Each structure stands twice: as C-alpha cells, then as structure tokens.
Amino acid sequence: MEQEETRVEPVEITTFVADDAELIDPNWNGGNQPVVPRRPRKWLPLFLFVATCFSTCFAYTVFIGGIPASGPTLSTLLPGLKYSAAVLSILMAHEMGHYLAARFHRVPASLPYFIPMPISPLGTMGAVIVQGRGVADRRQMFDIAVAGPLAGLVLALPVLWLGVERATIQASPRAGEIVFGMPLLVKFMFEHARPELMEAGKAIADNPLLMAGWVGIFVTALNLIPIGQLDGGHILYCMIGRRAHRVAMGLLLFAVGWMVYTSSPNYILLIVLLFVFGPKHPPTANDAVPLGPLRVALGWLTLAFIVIGFTPNPIS
C-alpha cells in the first residue's frame, strides 16, 4: 500500500521539513507502515557545524575585534575563537533541548542544523532541528518548544554574566563601529555587577563572552515571539489554541507599522520569512490533550522572557 504524502511545515522559522517522517528518523513508520531504512545524512549537520565555527570566528574577528594592518595573528584570532566556542555552545544547548525533548516523546527529529552567516556581525543565523508534521500532540509540542529556550538560557545567562564582569571601557571608539542594543536583562546585570560602566557617555568594549551572551539572550527572545513556527508560536498555540492566530497577525502588523514609523529595517528579513511560512500555527496531532496548570504557568513565564530579553534596535 502506498504511503500517503504528508505536507511539510517548519519547526522554527528557518527549519525545512522532509516530506516523510522516515526521512528524519529511519525507524519511524507511523505505527502501521513498513519502512525501507535510509542512511541518515549525518555529514550535513557536521559540515554546517564546522562551517559555522569558521563563520562565527571570522565575523567576530573582522566586525568586532578588528584586524590590524599588519595582518591577523594568533592574539587577534583568539577572541574570535572564544566567541565561536561560547555562542555555538549556547545554540547547541538550545537545539539539543528541542532534540532531546522530541526523542523523549518519540517524535522523529533530526540533529541540529547550524546556519553560517559570515557577512553578519553575529556570524550565524542560529540553528534548527527538523521534525515531521502531525506527529506531536498538544502536550508533546509544548514540551519540545519550551525545552529549547530554557536549555539555551542555562548556558546563556552565566556566559553573559562572565562577559559583564570582564567588561571594560572602550579606549578609542572607531568611526562607523557597530553598536548593539542593550536589553533590560543586560542593563540589569551591568547595573548590579558593574555600575561604574553605566555612567553616561562611556562606551563599553565588547569581549567574546559578553558578545556570545548577548547573542544567546537576543536569539532566545526572538524565538519566543508568539508567531507561527517560532518557539513562542508553538507555546502560545498549545496554551490558547486558534486564538493564537489573531495574536500572531496583530504582532506582525504592529511590527510592519513600527518599521515604517521608525524607518528601521532591522527585522525585515524575519517578517518576510514569517509571512512566507505563514503566521498561523497548524494543528497538532491532538489539540484536545490537556497541558495542566504547571505547563501553562511555565509557558507564560517563558514567553514573559521577551520583555527582558528583546530589544527593538539590536544592531546599529
């Protein structure tokens, strides 16, 4: 009997899902169909991981650290290597949170796919896992969605704190230098750990751990926006069902209006991708499965992280 073709949906905004669940997990058969084993393409996640190691090191060295006229040396490359190791550890923790939660619930999922972006000051567009659509029920989808941000914060918060403790005043600002917006959480850490750096007119010099922690906080907050296939979209849909569609459309229209009003194109790519993939969240395998009060409370607390982790003007 020929297996029915399954529509595809992204797990997160940059995730692309294979047509059949067994392409992700060769042992998955939907419970009733024989599967012809396929060799998993483990080389692709490994290749993308290595490429992202190079791109993050390159981006930090070029855009943040700067290369002297005499050429790169080990001392100029070392901060980039530290940044690369720290930020990839945070992103790996985030995606492995999704992956392990999916495996715990026996939902087919791929290994993390890292996305290199050497022309960006961050050096990466994050990482994603791939999951078959229509397999996870409401409770399973919630657990998979919430596990990623929480696992990422377990590393991002201490990395950011270490970066704040090691921060210094920038001695000689360069013309055209990149300035990163400061979310409330970062301001809170500076005000309590290094209040002397928060005096007016002082520019704080970036260091590898501070930069990596900032990226971890920002990416987590960005993923928690409750729209479509972002982590926040999964979480909100699991908690309030189809009413999440109205919230998603309202946020998208507000974001477009905000960008027009402020003439700031920072989030244009994200908004385009959200419209392309669709702001509405598809139904889970069973929307009637109850979450319980503990999961609902955890979901609202996780979404509330946006307030302290998001910044409307991240890079200028």
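Residues numbered from 1 in each chain as written. Predicted model: local features only at pLDDT ≥ 70, side-chain atom pairs only at ≥ 80, totals over all residues. Heavy atoms only, no water.

A closer look at the packing of helix α3 (residues 138-165) against helix α6 (residues 231-240)
Describing two packed helices takes the angle between their axes plus the distance from one axis to the other.
Then, in step 1: α6 packs onto α3 with a crossing angle of 145 degrees between their chain directions and a minimal axis gap of 9 Å. Both α3 and α6 take part in a crossing whose hand is left-handed. Seen from α3, the contacting residues are Arg138, Met141, Phe142, Ala145, Val146 and Pro149; seen from α6, they are Asp231, His234, Ile235, Cys238 and Met239.
Then, in step 2: Of the residues in the contact of α3 with α6, the class split is eight nonpolar, one polar and two charged. (Axes fitted to C-alpha atoms, helices over the stretch in contact; angles between N-to-C directions. Helix = DSSP H or I, 4+ residues; strand = E, 2+ residues; numbered from the N terminus. Left-handed = near helix turned anticlockwise from the far one by under 90°. Contact = heavy atoms within 4.5 Å. Nonpolar A, V, L, I, M, F, W, Y, C, P; charged D, E, K, R; others polar.)

Describing the state of the cysteines
Then, in step 1: In the structure shown here, the tally under the stated rule is zero disulfides.
Then, in step 2: Of the cysteine sulfurs around Cys53, a residue in no disulfide, the closest is that of Cys57, at 9.2 Å.
Then, in step 3: The class for Cys53 is partly exposed, based on a relative accessible area of 25%. (Disulfide = S-S within 2.5 Å. Buried < 20%, exposed > 50% of the residue type's maximum accessible area, 1.4 Å probe, protein only.)

Notes on the pairing of strand β2 (residues 123-128)
Then, in step 1: Among the six residues in β2, five count as buried, and that is most of the element.
Then, in step 2: Here strand β1 (residues 113-117) runs beside β2; their pairing, made up of four bridges, is antiparallel. By the bridge assignment, Pro116 is partnered in β2 with Thr124.
Then, in step 3: Between β1 and the antiparallel strand that follows it, β2, lie five residues. (Pairing = 2+ DSSP bridges.)

Looking at the confidence of the model for the protein chain
Then, in step 1: Here the protein chain shows a mean pLDDT of 82. Residues at 70 or above account for 82%.
Then, in step 2: Considering only residues more than four positions removed or in separate chains, one finds that residues 1-26, a stretch of pLDDT under 50, has 72 contacts.
Then, in step 3: Under a pLDDT of 50 for its full length, residues 28-38 has, in the predicted model, 13 contacts with residues more than four places off or in other chains. (pLDDT = per-residue confidence, 0-100.)

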